[in-house]
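Examination of the molecular architecture
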Amino acid sequence: MERISAQAELGEQEGRAERARDVAAARSAEWNREFERRAASVDQALSPDHDPREVLPRAELGAVNTQAGRLADGLDGWSRAAISRRLAQAVLDGADITRAVLDVKDELEVAPGQVIPISRVEDVDRGEVSVDAEGVLLR
């Protein structure tokens, strides 16, 4: 009876789909982390353990964080920390803070999931976009 109960519990019964999703999600996260580590062997900036803010001088880091806060107010879905990290990487790559802010802002404005004006659709580097529009009938 115990064996039959154990089989019923772990077989096609209640919770199996949820357990399978959990296992798949864990494996996917593990594979993604491993891929990021391999990519980092080619470009250190791609490493999940690399934070460009750690190597910036204090004055530049202050400017980066100030600008990240300013950008975060105008960009939905992006945290101040994520923006700060991107800005810091741009500064480390040689851009001055003004150029870095403009480049990162342009990049994040057209990122997947962002709402953009219809006039900017051609700037989006994707094959598919969702359009939310309102039509006006002219007579």
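This one's a predicted model, so the numbers in the text were calculated from it and none came from an experiment. (Residues numbered from 1 in each chain as written. Predicted model: local features only at pLDDT ≥ 70, side-chain atom pairs only at ≥ 80, totals over all residues. Heavy atoms only, no water.)

**Brief notes about the side chain of serine 84**
Within the secondary structure, serine 84 is located in helix H4 (residues 80-92). Using a relative accessible area of 1% as the deciding quantity, one classes serine 84 as buried. Beyond its immediate stretch of four places on either side in the chain, serine 84 contacts Arg53, Val64, Asn65 and Ala68. (Helix = DSSP H or I, 4+ residues; strand = E, 2+ residues; numbered from the N terminus. Buried < 20%, exposed > 50% of the residue type's maximum accessible area, 1.4 Å probe, protein only. Contact = heavy atoms within 4.5 Å.)

**Section: the packing of helix H3 (residues 58-74) against helix H5 (residues 97-109)**
Where H3 meets H5, the closest approach of the two axes is 11 Å, and the angle between their N-to-C directions is 30 degrees. In terms of orientation, H3 lies roughly parallel with respect to H5. Helix-helix and strand crossings are classified by hand; for H3 and H5 the assignment is right-handed. Between H3 and H5, the contacting residues are Ala63, Val64, Gln67, Arg70 and Leu71 on the first element and Ile97, Val101 and Lys105 on the second. The residue makeup of the contact of H3 with H5, split by class, is five nonpolar, one polar and two charged. (Axes fitted to C-alpha atoms, helices over the stretch in contact; angles between N-to-C directions. Parallel < 35°, antiparallel > 145°, perpendicular 65-115°, else oblique. Left-handed = near helix turned anticlockwise from the far one by under 90°. Nonpolar A, V, L, I, M, F, W, Y, C, P; charged D, E, K, R; others polar.)

**Focus: the pattern of salt bridges**
In this structure the tally under the stated criterion is four salt bridges. Across the salt bridge formed by aspartate 51 and arginine 53, the nearest N and O atoms sit 2.8 Å from each other. We classify arginine 53 as partly exposed; its relative accessible area is 21%. With a closest N to O distance of 2.2 Å, arginine 86 and glutamate 107 form a salt bridge. Linking arginine 86 in helix H4 with glutamate 107 in helix H5, this pair joins segments that are 21 residues apart in sequence. With a relative accessible area of 32%, arginine 86 lands in the partly exposed category. (Salt bridge = Lys/Arg side-chain N within 4 Å of Asp/Glu carboxyl O.)

**A short note on the nonpolar core**
Judged by nonpolar contacts, the single largest core of 14 residues is most densely connected at Val64, Leu71, Ile83 and Leu87. Within the residue set of this core, elements represented by two or more residues are H3, H4 and H5. Among the elements that make up this core, the one with the highest residue count is H4 (five residues). Other than its neighbours up to four places away in sequence, leucine 87 contacts Val64, Gln67, Ala68, Leu71, Ala100, Val101 and Val104. (Core = buried A, V, L, I, M, F, W, Y, C linked by side-chain atoms within 4.5 Å.)

Keep in mind that these numbers describe shape and distance, not what the molecule does.
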